[in-house]
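Observations on chain architecture
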Amino acid sequence: MSTGRATTLGEGAAQGQSTHAKLRIFSSETAGPLTYFVSRHGGSEEVSPTTRNADGTLQNPLILRLAHPVDLSSDDRAVLMAITADMREVPRRTDIIHEGDRPDCVRVVMEGIACRYKLLRDGSRQITAFLVPGDLCNPHITRLQEMDHGIASVSPCMIAEIPPSTIRKLAARHPRVMDGLVWASLADESVMREWIVGLGRRMADRNMAHLICELYARLEAVELVEDQSFHMPITQNELSDA
């Protein structure tokens, strides 16, 4: 998706009438502006992005993401449902994985928003990526000795934990699932390169527009965009760290 050309602050947020600021992003690839809601205060009323069926049950965002590039079979979908069935809740602004940890499982964001980050010696933080439903926090667990960065929840999250032994079984028995995971990893690397370009070369307003268009495309892939709009519980302070 191409970079949006402008951003404007919504009236309600500008007048202090809402806990969410509304940004409108004009993209050359859409007929109208995209709408993006940014949490201003991070209160309990913030919305966590959730992929749900019409009856209110939670859809599986990992299946939605991997099915985007790969034709998953019914068996593939069943095993993905099974291995992500057990989830734990993580409160907002809580570490999911610390830098230096030796994770014993692969963690998947099933609901909510998380981020990758690095802390500097002076205590400042640089967010290096936002994680949306369907994203794997640490896909290379079998190859890394320890985490070289931290992962924290931005909003309340539901996290599934998959043992390394299950990942190895997937590789042997479900090649299409592994193809999807490889594609997801390549997509993450592409996003990371865009972040590097943005931090190094884009003006702040263009970089913000590009980030929002990126999030729009990623959330649309897991059916979290409706009427060209999406809710994101990311505060202005968190955006400034990104």
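Described in the following lines is the structure provided in the data block. Bear in mind the structure is a predicted one, so any value in this text is a computation, not a measurement. (Residues numbered from 1 in each chain as written. Predicted model: local features only at pLDDT ≥ 70, side-chain atom pairs only at ≥ 80, totals over all residues. Heavy atoms only, no water.)

As for the packing of helix α5 (residues 175-201) against helix α6 (residues 204-221)
Using the following cut-off: Lines are fitted to the C-alpha atoms to define the axes, a helix being fitted only along its stretch in contact, and any angle between axes, read from their N-to-C directions, falls within 0 to 180 degrees. Comment: elements are numbered from the N terminus, with helices defined as DSSP H or I runs of at least four residues and strands as E runs of at least two. Convention used here: angles under 35 degrees read as roughly parallel, angles over 145 as roughly antiparallel, angles from 65 to 115 as roughly perpendicular, and any remaining angle as oblique. A crossing counts as left-handed when the near helix is turned anticlockwise from the far one by less than a right angle, and as right-handed when that turn is clockwise. Residues count as neighbours in contact if any of their non-hydrogen atoms are within 4.5 Å of one another. Note that Gly is not counted as nonpolar here; it falls among the polar residues with everything else outside the nonpolar set of Ala, Val, Leu, Ile, Met, Phe, Trp, Tyr, Cys and Pro and the charged set of Asp, Glu, Lys and Arg.
Two numbers describe how α5 lies on α6: the axes approach to 10 Å, and their chain directions differ by 165°. As the angle between them shows, α5 and α6 are arranged roughly antiparallel. Crossing of α5 over α6 shows left-handed handedness. Taken together, the residues of α6 that come into contact with α5 (itself represented by Val191, Glu194, Trp195, Gly198 and Leu199) are Asn207, His210, Leu211 and Glu214. By residue class, the composition of the contact of α5 with α6 is 4 nonpolar, 3 polar and 2 charged.

Details of unusual backbone geometry
Just so we agree on the cut-off: Throughout, exposure labels follow a simple rule: accessible area from a 1.4 Å probe, protein chains only, divided by the maximum for the residue type, with under 20% read as buried, over 50% as exposed, and the rest as partly exposed.
A positive phi is found at arginine 93, a non-glycine position, where the angle reads about 55°. Checked against the element boundaries, arginine 93 lands in the loop between β4 (87-90) and β5 (95-97). Exposure remark for arginine 93: the relative accessible area of 43% places this residue in the partly exposed category. In this structure, glutamate 223 is a non-glycine residue whose phi angle is positive, near 60°. Residue classification places glutamate 223 among the partly exposed residues on the basis of a relative accessible area of 48%.

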